[in-house]
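The lines below spell out each chain.
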Amino acid sequence: MKHPYHVLIVEDEPASAQLVAAIFENAGHGVKVADSVRQLKKRLRDELFDLVLLDLNLPDGDGMEVAHELREFPHMGIIVVTARKEDADRILGLEEGADDYVTKPFNGRELL
């Protein structure tokens, strides 16, 4: 790996957040976690991230809208990581600005 990336995981389920964080930390990347849209926005004010891993089912906002808003940061990659498996959700997620769309359960190596 040339250099570690700074990754923000936006996930309200602690077990899922810990799993994804461990995958990226074990690969040498810096990881922060936000469990809500409010925390996501605070983290983005305080730090720069290379990648956001975004769950769509958040307690205080719609992940699809968040994906669209995150396109304000063109340097930052966005990967939706969600339980929503419908083709319509995948297409909308990509149209709203996600660079990729991964459904749960996922293969950790593939996500990385």
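Asker: Looking at this structure, I do not really get the environment of proline 14. What am I missing?
Answerer: In this fold, proline 14 is placed in helix 1 (residues 14–26). For proline 14, a relative accessible area of 59% gives the class exposed. The spatial distance from the C-alpha of proline 14 to the C-alpha of glycine 93 is 23 Å, given a sequence separation of 79 residues.

Asker: Sorry if this is basic, but what is going on with unusual backbone geometry here?
Answerer: What is expected of a backbone is that most residues other than glycine have negative phi and most peptide bonds are trans. The omega torsion across lysine 104 and proline 105 is -10°, close enough to zero to call that bond cis. Note that proline 105 resides in the loop between strand 7 (100–103) and helix 5 (108–111).

Asker: Which parts of the structure should I look at to understand the side chain of histidine 29?
Answerer: In this structure, histidine 29 sits in the loop between helix 1 and strand 2 (30–34). Residue classification places histidine 29 among the buried residues on the basis of a relative accessible area of 12%. Within the structure, histidine 29 has its side chain in polar contact with the backbone nitrogen of tyrosine 5 (distance 2.9 Å).

Asker: Hey, could you run me through the pattern of salt bridges in this one?
Answerer: Inspection of every chain in the model, using the stated rule, returns 7 salt bridges. Lysine 42 is paired through a salt bridge with aspartate 46; the nearest N and O atoms lie 2.8 Å apart. Taken together, the residues span about one helical turn, with lysine 42 and aspartate 46 both in helix 2 (residues 37–46) at a distance of 4 residues. Exposure remark for lysine 42: the relative accessible area of 44% places this residue in the partly exposed category. Here aspartate 55 ties to lysine 104 by a salt bridge, and the two come within 3.9 Å at their closest N and O atoms. You can see aspartate 55 sitting in the loop between strand 3 (51–54) and strand 4 (57–58) and its partner lysine 104 sitting in the loop between strand 7 and helix 5, a full 49 residues away along the chain.

Asker: I'm lost on the environment of arginine 90 in this one. Help?
Answerer: In this fold, arginine 90 is placed in helix 4 (residues 87–95). Looking at arginine 90, the relative accessible area reads 30%, which means it is partly exposed. Sequence-wise, arginine 90 and lysine 32 are 58 residues apart; in three dimensions their C-alpha atoms are separated by 25 Å. A distance of 3.0 Å separates a polar atom in the side chain of arginine 90 from the backbone oxygen of tyrosine 101.

Calculation notes
Residues numbered from 1 in each chain as written. Predicted model: local features only at pLDDT ≥ 70, side-chain atom pairs only at ≥ 80, totals over all residues. Heavy atoms only, no water. Helix = DSSP H or I, 4+ residues; strand = E, 2+ residues; numbered from the N terminus. Buried < 20%, exposed > 50% of the residue type's maximum accessible area, 1.4 Å probe, protein only. Polar contact = N/O pair within 3.5 Å; in protein donor to acceptor, adjacent residues only side chain to side chain. Salt bridge = Lys/Arg side-chain N within 4 Å of Asp/Glu carboxyl O.

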